[in-house]
Each structure stands twice: as C-alpha cells, then as structure tokens.
Amino acid sequence: MLKKQNAIQNNDVWFNLAMYAFLVVLTLFIVFPLLHVFSSSLSSPALVAKGQILFWPEELTLKSYINVLKNSTVWNGYRNTILYTVLGTAINVVLTVLAAYPLSRSDLKGGRVILGILILTMYFQGGIIPTYLVVKQLGLVNSMWAMILPSAINTFNLIIMRTYFMNTIPKELQEAAFIDGCSNTRILLDVVLPLSKPILAVISLYYAVHHWNDFFNGLIYLSDRSLFPLQLVLREILIQSKVDDFATLDKGFTDRIFDSEGIKYAIIMVASLPMLILYPFMQRFFVKGALIGSIKG
C-alpha cells in the first residue's frame, strides 16, 4: 500500500513538473513577441529595418513614438476607439444582463426554447452580405452605431452570465425578496447585480477587448476616415503601408523606409498599451467570475 502511494506521489510530481515546463514555454512564446515589438519601438529605425533587433533595444530613441503621437490620424482613431469601447461595452453589458436574468429563472415560460434559438445563432449566421444589407437598411452605414449595434450582444457571454446567475445567486434569496414585495426589476437591481460584480467585470472586459480590437466592422461599414477606429488606422499602416502622413517631403526614400519600420512597432505598442494595463487589474475576477459562470450546475 505504501509503495502504491509513493508511486502515485511520484507520478504527481512528474506531472506537475511537466505542466510547469509547458507553462514556462508557453509564457516565453507569449512574452518574446511582445518584448521584440517593445524593443523595436525604442530602437533606431535603421537597425529595426535591417532586422538587428531581437529582445533588447539598441540605440535608444523615442523618434518612432514622437512621429506616431504627432499624427492627428492616430489621435482621432484613439478618440473614436475609446468612444466605441466605452459606449459599446455599456450597451453590451446592459443587454446581456437584461437577457441573462430572465433566462436564468426557472419560471420563465418558453425559456429553454428561447435559449435554444440563441445558441443556434452561435453556429449558423446570416453571413457578411445579409448582415451588411440589414445594417444598410437600418441607416447605420458610415455612422458610429455601425461599430456598436451589430455586435450589441454576444451569445457566448450571455450563456456565461446566465449560468453564473443560476449557480451563484441563491434562489431562496430571490424568493425572500418576492415575499417582501419586490418586483423582478427590483430583485435584479438590488439583489442580483450587487452579488454579480465578478461576472460583470469579466464580461465587461471581454466586450471592451472586442471593441478595442475591432477593425472588421469599420472596414465594412465605414468610409469616412474621421470615424475610423484606431485598429483600422493601425491596419492601414501595417498592411497597406500607408506611412505618407508620417514622412516629410524633404526626407530621402531610405529614411522614409527606416521611419516606417519604427512607426509600425511604435503604433502597435500605443494601440495595445491600454488593454495591457487594464488586464492585470481585472485578473482577480476571472476565477470567481468566468469559471463559475462557465460551469453548469
């Protein structure tokens, strides 16, 4: 019996070591690209263009950041992205709560049918062209609402929040509130939501990251450059190599090529920095929010 226990313990030790090694390797795969981008953004554009920067900056300079921050297109994209993220996340969370709470109630007639229809939309969608036609008929094309309303609610996030309400909010507490004369609206506002801060934080972060990184809706629905989000500006610079706004006419061709390489890395850092700062503050809610909300009781 003792030998069997020792064998099990040894297997556990080797399993833990293997998992730690795997996580270390996975972390390196995640950290090294970010470190490379950060180092390239602070290095001499000439060295970056020649591919001489790996994981440590050389010939430190803020030239690339200065060129990025002097450009009005970047600031306009930042303003639009912040607007889309804040307003879009608020609408997303409100609609998700309003849909998840009734679906979490066992006394909702037809609740399973409604949930089944919602789940169906996760696997079968109309496609880009029908969606575009709907957005066009609603008069949302080339407006800020085209970046917000087409993705106003996410079924996956809805299911997570519904499961959290079902598993975490005691039914006895809701029944006691009913006995005290509370309506469903009052129960939602005064009982359910105060106990749902972890899942609200997690879902808010999911939606915020989606809006912050969204460029596809802007690519389809927006033609007015003043409405472009930051990620669409970034796409133009990285993919279409539109660096004319950053290069002055008195520079040579070689200088413009070097500057464009540094600008690409600098704008990636500028676009990613807010989410990188926000993520650690929200991490403590993940286990309590996302894990509980993803397990069916």
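Structure first, text after, so check above.
Residues numbered from 1 in each chain as written. Predicted model: local features only at pLDDT ≥ 70, side-chain atom pairs only at ≥ 80, totals over all residues. Heavy atoms only, no water.

## Section: the pattern of salt bridges
If the charged atoms of two oppositely charged side chains come close together, the side chains can form a pair. All told, the structure shown has 2 salt bridges when counted by the stated rule. A salt bridge links Asp107 to Arg105; the shortest N-O distance between them is 3.1 Å. Judged by relative accessible area, Asp107 falls into the exposed class, the value being 52%. Where Arg186 meets Asp190, a salt bridge forms, and the shortest distance between an N and an O atom there is 2.2 Å. Here Arg186 pairs with Asp190, and both are found in helix H9 (residues 184-192), just 4 residues apart, close to one helical turn. (Salt bridge = Lys/Arg side-chain N within 4 Å of Asp/Glu carboxyl O. Buried < 20%, exposed > 50% of the residue type's maximum accessible area, 1.4 Å probe, protein only. Helix = DSSP H or I, 4+ residues; strand = E, 2+ residues; numbered from the N terminus.)

## A word on the nonpolar core
Ranked by size, the top nonpolar core spans 25 residues in total, and within it Val68 and Ile267 carry the most contacts. Sorting the residues of this core by element identifies helix H1 (2-42), helix H3 (63-69), helix H4 (72-104), helix H12 (230-238) and helix H13 (253-282) as the ones contributing at least two each. When residues in this core are grouped by element, the largest group, 7 residues, is from H13. When sequence neighbours within four positions are dropped, the list of residues in contact with Ile267 reads Val68, Val74, Val233, Leu234 and Ile237. (Core = buried A, V, L, I, M, F, W, Y, C linked by side-chain atoms within 4.5 Å. Contact = heavy atoms within 4.5 Å.)

## Concerning the layout of surface pockets
Gaps left between atoms are located by rolling a probe of water-molecule size over the structure's atoms. Approximately 830 Å³ is the volume attributed to the largest pocket. For the largest pocket, the lining is made up of 27 residues, of which Gln125, Pro150, Ser151, Ile153 and Asn154 are closest to its centre. Within the residue set of the lining of the largest pocket, elements represented by two or more residues are helix H5 (111-123), helix H6 (128-137), helix H7 (155-168), helix H10 (197-213) and helix H11 (216-221). Taken together, the residues of the lining of the largest pocket sort by class into 15 nonpolar, 11 polar and 1 charged. (1 Å grid on protein atoms, 1.4 Å probe; cavity = no way out; pocket = protein on both sides within 12 Å on 5 of 7 lines; lining within 4 Å. Points joined across faces, edges and corners; volume = space filled by probe spheres on them. Nonpolar A, V, L, I, M, F, W, Y, C, P; charged D, E, K, R; others polar.)

## Overview of unusual backbone geometry
Backbone geometry follows two general trends: most residues other than glycine have a negative phi, and most peptide bonds adopt the trans configuration. Residue Asn142 is not a glycine yet carries a positive backbone phi of 60°. Within the secondary structure layout, Asn142 lies in the loop between H6 and H7.

## Things to note about H7
With 14 residues, H7 should cover 20 Å at 1.5 Å per step; its first-to-last C-alpha distance of 20 Å lies within 8% of that length. All of the buried residues along H7 are Thr155, Asn157, Leu158, Ile160, Met161, Arg162, Thr163, Tyr164 and Phe165. The residue sitting at the N-terminus of H7 and contributing the capping side-chain oxygen is Asn154; that oxygen lies 2.9 Å from the backbone nitrogen of Phe156. (Expected span 1.5 Å × (residues − 1). Polar contact = N/O pair within 3.5 Å; in protein donor to acceptor, adjacent residues only side chain to side chain.)

## Structural notes on the packing of aromatic side chains
Taken as a whole, this structure holds 3 aromatic pairs when the rule is applied. Ring centres 6.3 Å apart and planes at 35° place the aromatic pair Trp75 and Tyr78 in the tilted group. A residue pair is termed a helical-turn pair when its members lie 3 or 4 positions apart in one helix, as Trp75 and Tyr78 do in helix H4 at 3 residues. An angle of 65° between the planes, with centres 5.8 Å apart, marks the rings of Tyr78 and Trp212 as edge-to-face. Residue Tyr78 is found in helix H4, and its partner Trp212 is found in helix H10; the two are separated by 134 residues along the sequence. Residue Tyr78 shares its accessibility class with Trp212, and that shared class is buried. Taken together through their ring pairs, the aromatic side chains of Trp75, Tyr78 and Trp212 make up a single cluster. (Phe/Tyr/Trp six-rings, centres within 6.5 Å; stacked < 30°, edge-to-face > 60°.)

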